[in-house]
Amino acid sequence: MSPQDIVEALEGRGWKAKVLKQSDLAQPSVKVDDAGLFKCVDGRKSDHSAMNGPKTLGGVYALVAARKQRDLGSLKEAVDEVKKAGFAPSVHGDEGSHEMGCGFFKLWSTGQLDDLDPPEYSAKEGREAVQDAGGAYETLEGKHSESCVLINLVEGTTYEPQNDQSFVVDAWITSTFDLDVPAYLTRAAETVEKLDGPKVAKIIVAG
Ligand code: ZN
């Protein structure tokens, strides 16, 4: 999908969307490294310090949900896969809802995502499996106030949480993990819509 294809797909869902270069944003991108959490797109601040990792739908849950894998064994395998790809796998909760504080996981586990059966495990069991396999669990702080969705196409880069929150979808991970790009981006849009997030997207390209 070209950046303009993404704009048109989002506009077709009633979003506002435009393509921007990295240098058009006030917030600088950062390079990901192997200590940075492979973590949820959720824009809130974390109790974990390593925010320079790729942002995905629910962290490790992004991979198993995209592949419609519902069992704990597949979740543990996905943790290994993320480590082998050079990132630090994670899932999250928040202060108020504990493990159910991840909006993506909550939508998935309560059967609210289109054409996707829920996982066979609870949020707590998912957290334990990820940690048993060597992944991290982070607790996010405060309330959601995301004002836009950054769809970042620049491989190896991300945006860190800040006071002016954004959902950050590092869409370049679709090639790292061989995911279907339109299906993943559609899921991202659906997730934001069902969480009553902003239907405003900036598609970030190099430059
Ligand atoms: Zn989340």
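So, how was this worked out
- Residues numbered from 1 in each chain as written.
- Predicted model: local features only at pLDDT ≥ 70, side-chain atom pairs only at ≥ 80, totals over all residues.
- Heavy atoms only, no water.
- Donors = N, O, S within 2.8 Å, 3.2 Å for Na, K, Ca; no water.
- Helix = DSSP H or I, 4+ residues; strand = E, 2+ residues; numbered from the N terminus.
- Buried < 20%, exposed > 50% of the residue type's maximum accessible area, 1.4 Å probe, protein only.
- Pairing = 2+ DSSP bridges.
- Core = buried A, V, L, I, M, F, W, Y, C linked by side-chain atoms within 4.5 Å.
- Contact = heavy atoms within 4.5 Å.
- Disulfide = S-S within 2.5 Å.

Some details on the coordination of the zinc ion
Next up, step 1: Donor atoms from the polypeptide that coordinate the zinc ion comprise Cys40 (SG), His92 (NE2) and Cys102 (SG), at 2.1 to 2.3 Å from the metal.
Next up, step 2: In primary-sequence terms, the residues that donate to the zinc ion follow C-x51-H-x9-C. With His92 in strand 5 (residues 88-94) and Cys102 in the loop between strand 5 and helix 4 (103-109), this residue pair connects regions lying ten residues apart in the sequence. Exposure class is identical for His92 and Cys102. Each is buried.

Overview of the sheet that holds strand 4 (residues 55-56)
Next up, step 1: One open sheet holds the four strands; their spatial order is 4-3-5-6, and the pairing between them is parallel. Here the strands that pair on one side only, and so sit at the sheet edges, are strand 4 and strand 6 (136-140).
Next up, step 2: Where strand 5 and strand 6 come together, five bridges link them in parallel fashion. Pairing of Ser90 across the sheet is with Ala136, part of strand 6.

Overview of the nonpolar core
Next up, step 1: Formed by 51 residues in total, the largest nonpolar core has its most connected members in Leu10, Tyr61, Trp108 and Ile151.
Next up, step 2: Setting aside residues no more than four positions away along its own chain, Ile151 makes contact with Ile6, Leu10, Val169, Ala171, Leu185, Ala201, Lys202, Ile203 and Ile204.
Next up, step 3: One finds Leu25, Cys148, Leu150 and Ile204 within the second-largest nonpolar core, a separate group that totals seven residues.

Considering the pairing of strand 10 (residues 200-205)
Next up, step 1: Where strand 1 (residues 16-21) meets strand 10, six bridges bridge the pair, whose relative direction is parallel. Paired with Val19 across the bridge in strand 10 is Ile203.
Next up, step 2: The pairing of strand 7 (residues 149-152) with strand 10 spans four bridges and is parallel. By the bridge assignment, Ile151 is partnered in strand 10 with Ile203.

A word on the state of the cysteines
Next up, step 1: One pass over the full model with this rule turns up zero disulfides.
Next up, step 2: Left without a disulfide partner, Cys148 is nearest to the cysteine sulfur of Cys40, which lies 16 Å away.
Next up, step 3: You can call Cys148 buried: its relative accessible area is 4%.

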